[in-house]
Amino acid sequence: MDDDYRIRDATESDVAAIEMIERASFPDPWSEESFQTLLAYTSFVAVDSEGQIAGYLFSVGVDDAGEILNVAVSAEHRRRGLGRRLVEHALEVLQGGGVIRIFLEVRESNAAARALYGALGFELIGRRRGYYHRPLEDALVLRWGGERREG
(Lines give C-alpha, C1' and ligand atoms only; values in the text may rest on other atoms or scores of the structure.)
Protein backbone atom coordinates (compact mmCIF):
# COMPACT_ATOMS: atom_id res chain seq x y z
CA MET A 1 0.00 0.00 0.00
CA ASP A 2 1.24 3.42 -0.92
CA ASP A 3 1.41 5.49 2.27
CA ASP A 4 1.08 8.74 0.32
CA TYR A 5 -2.67 8.81 1.06
CA ARG A 6 -4.52 10.17 4.03
CA ILE A 7 -8.13 9.63 4.93
CA ARG A 8 -10.19 12.51 6.27
CA ASP A 9 -13.84 13.47 6.64
CA ALA A 10 -15.48 14.50 3.37
CA THR A 11 -16.54 18.13 3.02
CA GLU A 12 -18.81 20.08 0.70
CA SER A 13 -15.80 21.23 -1.30
CA ASP A 14 -15.01 17.56 -2.11
CA VAL A 15 -18.35 16.80 -3.77
CA ALA A 16 -17.36 17.80 -7.32
CA ALA A 17 -14.33 15.45 -7.24
CA ILE A 18 -16.42 12.69 -5.64
CA GLU A 19 -19.03 13.04 -8.37
CA MET A 20 -16.34 12.78 -11.07
CA ILE A 21 -15.04 9.52 -9.58
CA GLU A 22 -18.62 8.26 -9.22
CA ARG A 23 -19.45 8.96 -12.88
CA ALA A 24 -16.26 7.25 -14.05
CA SER A 25 -16.82 4.23 -11.77
CA PHE A 26 -20.49 3.34 -12.09
CA PRO A 27 -22.93 3.00 -14.99
CA ASP A 28 -25.77 4.38 -12.84
CA PRO A 29 -24.05 7.13 -10.81
CA TRP A 30 -25.44 8.92 -7.79
CA SER A 31 -26.21 12.63 -8.11
CA GLU A 32 -24.33 15.56 -6.64
CA GLU A 33 -27.41 16.24 -4.49
CA SER A 34 -27.22 12.71 -3.06
CA PHE A 35 -23.62 13.25 -2.01
CA GLN A 36 -24.43 16.67 -0.54
CA THR A 37 -27.13 15.06 1.61
CA LEU A 38 -24.88 12.18 2.68
CA LEU A 39 -22.21 14.53 4.02
CA ALA A 40 -24.33 14.68 7.18
CA TYR A 41 -23.48 11.02 7.83
CA THR A 42 -20.16 9.18 8.12
CA SER A 43 -18.26 10.12 4.97
CA PHE A 44 -14.58 10.01 4.11
CA VAL A 45 -12.26 10.84 1.27
CA ALA A 46 -8.80 9.50 0.56
CA VAL A 47 -6.46 12.26 -0.54
CA ASP A 48 -3.19 11.68 -2.40
CA SER A 49 0.11 13.45 -1.70
CA GLU A 50 -0.85 16.24 -4.11
CA GLY A 51 -4.15 16.92 -2.37
CA GLN A 52 -6.34 15.25 -5.02
CA ILE A 53 -9.33 13.12 -4.04
CA ALA A 54 -8.43 9.52 -4.89
CA GLY A 55 -11.47 7.77 -3.40
CA TYR A 56 -14.41 8.09 -1.07
CA LEU A 57 -16.75 6.16 1.20
CA PHE A 58 -20.19 7.07 2.53
CA SER A 59 -21.77 5.15 5.38
CA VAL A 60 -24.30 5.54 8.15
CA GLY A 61 -24.70 4.07 11.60
CA VAL A 62 -27.92 3.97 13.62
CA ASP A 63 -27.86 2.41 17.07
CA ASP A 64 -25.92 -0.85 16.67
CA ALA A 65 -26.32 -1.26 12.89
CA GLY A 66 -24.49 0.45 10.05
CA GLU A 67 -24.44 0.43 6.29
CA ILE A 68 -21.76 1.21 3.76
CA LEU A 69 -23.72 3.15 1.17
CA ASN A 70 -21.17 3.93 -1.53
CA VAL A 71 -17.44 3.50 -2.02
CA ALA A 72 -15.17 4.05 -5.01
CA VAL A 73 -11.55 4.68 -5.89
CA SER A 74 -10.55 6.54 -9.04
CA ALA A 75 -9.10 4.35 -11.79
CA GLU A 76 -5.58 5.77 -11.52
CA HIS A 77 -5.43 4.96 -7.78
CA ARG A 78 -6.84 1.41 -7.86
CA ARG A 79 -4.91 -1.75 -6.96
CA ARG A 80 -3.00 0.03 -4.16
CA GLY A 81 -5.12 -1.05 -1.19
CA LEU A 82 -6.97 2.24 -0.97
CA GLY A 83 -10.45 0.72 -1.10
CA ARG A 84 -9.45 -1.61 1.72
CA ARG A 85 -8.15 1.31 3.78
CA LEU A 86 -11.38 3.25 3.28
CA VAL A 87 -13.54 0.29 4.34
CA GLU A 88 -11.31 -0.51 7.34
CA HIS A 89 -11.47 3.14 8.39
CA ALA A 90 -15.27 3.11 8.15
CA LEU A 91 -15.48 -0.12 10.16
CA GLU A 92 -13.32 1.43 12.88
CA VAL A 93 -15.30 4.68 13.03
CA LEU A 94 -18.69 2.95 12.97
CA GLN A 95 -17.62 0.53 15.71
CA GLY A 96 -16.45 3.49 17.76
CA GLY A 97 -20.00 4.81 17.51
CA GLY A 98 -21.47 1.56 18.87
CA VAL A 99 -22.16 -0.26 15.60
CA ILE A 100 -21.69 -4.03 15.87
CA ARG A 101 -22.91 -5.13 12.42
CA ILE A 102 -22.58 -3.45 9.05
CA PHE A 103 -24.43 -4.17 5.83
CA LEU A 104 -23.81 -3.35 2.19
CA GLU A 105 -24.96 -4.26 -1.30
CA VAL A 106 -22.57 -5.14 -4.11
CA ARG A 107 -23.17 -6.00 -7.75
CA GLU A 108 -22.99 -9.74 -8.23
CA SER A 109 -20.52 -9.22 -11.12
CA ASN A 110 -18.14 -7.01 -9.10
CA ALA A 111 -15.59 -9.72 -8.33
CA ALA A 112 -12.92 -7.30 -7.04
CA ALA A 113 -15.26 -5.69 -4.50
CA ARG A 114 -16.66 -9.06 -3.44
CA ALA A 115 -13.13 -10.37 -2.85
CA LEU A 116 -12.24 -7.28 -0.80
CA TYR A 117 -15.35 -7.53 1.36
CA GLY A 118 -14.84 -11.26 1.86
CA ALA A 119 -11.25 -10.69 2.96
CA LEU A 120 -12.52 -8.15 5.50
CA GLY A 121 -14.99 -10.64 6.99
CA PHE A 122 -18.23 -9.70 5.23
CA GLU A 123 -20.56 -12.65 4.69
CA LEU A 124 -23.29 -13.16 2.10
CA ILE A 125 -26.73 -13.02 3.74
CA GLY A 126 -29.09 -12.34 0.84
CA ARG A 127 -29.82 -11.17 -2.67
CA ARG A 128 -31.89 -8.28 -4.04
CA ARG A 129 -33.12 -9.26 -7.48
CA GLY A 130 -32.90 -6.54 -10.13
CA TYR A 131 -31.54 -4.03 -7.61
CA TYR A 132 -29.10 -2.39 -10.01
CA HIS A 133 -30.02 -0.80 -13.33
CA ARG A 134 -27.80 -0.06 -16.33
CA PRO A 135 -27.33 -2.98 -16.64
CA LEU A 136 -30.04 -4.76 -14.69
CA GLU A 137 -28.34 -6.95 -12.12
CA ASP A 138 -28.86 -8.49 -8.70
CA ALA A 139 -27.26 -7.07 -5.60
CA LEU A 140 -25.68 -9.37 -3.07
CA VAL A 141 -26.35 -8.31 0.51
CA LEU A 142 -23.36 -8.72 2.79
CA ARG A 143 -23.02 -8.38 6.56
CA TRP A 144 -20.01 -7.81 8.76
CA GLY A 145 -20.16 -8.43 12.49
CA GLY A 146 -22.65 -10.18 14.67
CA GLU A 147 -25.91 -9.83 16.42
CA ARG A 148 -26.35 -7.95 19.68
CA ARG A 149 -25.30 -10.06 22.63
CA GLU A 150 -27.13 -9.58 25.90
CA GLY A 151 -25.28 -9.63 29.16
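Going by the structure above, here's the rest.
Everything numeric in this text was worked out from a predicted model, so none of it was measured.

Definitions and cut-offs
- Residues numbered from 1 in each chain as written.
- Predicted model: local features only at pLDDT ≥ 70, side-chain atom pairs only at ≥ 80, totals over all residues.
- Heavy atoms only, no water.
- Buried < 20%, exposed > 50% of the residue type's maximum accessible area, 1.4 Å probe, protein only.
- Helix = DSSP H or I, 4+ residues; strand = E, 2+ residues; numbered from the N terminus.
- Pairing = 2+ DSSP bridges.
- Phe/Tyr/Trp six-rings, centres within 6.5 Å; stacked < 30°, edge-to-face > 60°.

### Things to note about the pairing of strand β2 (residues 42-47)
Alright, step 1. In terms of burial, β2 is largely enclosed, as six of its six residues are buried.
Alright, step 2. Here β2 shows two buried faces, one formed by T42, F44 and A46 and the other by S43, V45 and V47.
Alright, step 3. Here four bridges tie strand β1 (residues 6-9) to β2, and the two strands are oriented antiparallel to one another. Residue pairing across strands places I7 opposite A46, the latter belonging to β2.
Alright, step 4. Two strands pair when backbone bridges link them, and β2 and strand β3 (residues 53-62) are joined in this way by six bridges, in the antiparallel orientation. Within β3, the position partnered with A46 by the bridge is G55.

### Describing the packing of aromatic side chains
Alright, step 1. Here the structure, examined in full by the defined rule, presents six aromatic pairs.
Alright, step 2. Note on W30 and F35: the rings are 5.8 Å apart at their centroids and 35° apart in plane angle, and the pair reads as tilted.
Alright, step 3. The exposure class assigned to F35 is buried, which follows from its relative accessible area of 0%.
Alright, step 4. Ring geometry for Y117 and F122: centres 5.5 Å apart, planes at 65°, overall edge-to-face. The pair Y117 / F122 is uniform in exposure class, with both members buried.
Alright, step 5. Within the aromatic cluster, the residues linked to one another by ring pairs are W30, F35, Y56 and F58.

### Some words on the pairing of strand β7 (residues 137-145)
Alright, step 1. Counting buried positions over the nine residues of β7 gives seven, a clear majority of the element.
Alright, step 2. One ladder, built from seven bridges, connects strand β5 (residues 101-107) with β7; its direction is antiparallel. Bridge pairing in β7 links F103 to R143.
Alright, step 3. Of the pairings in the sheet, the one linking strand β6 (residues 123-132) to β7 comprises six bridges and is antiparallel in character. Within the sheet, the bridge partner assigned to R128 lies in β7 and is A139.
Alright, step 4. Following β6, the chain reverses through four residues before pairing antiparallel with β7; R134 in that reversal takes a positive phi of roughly 55°.

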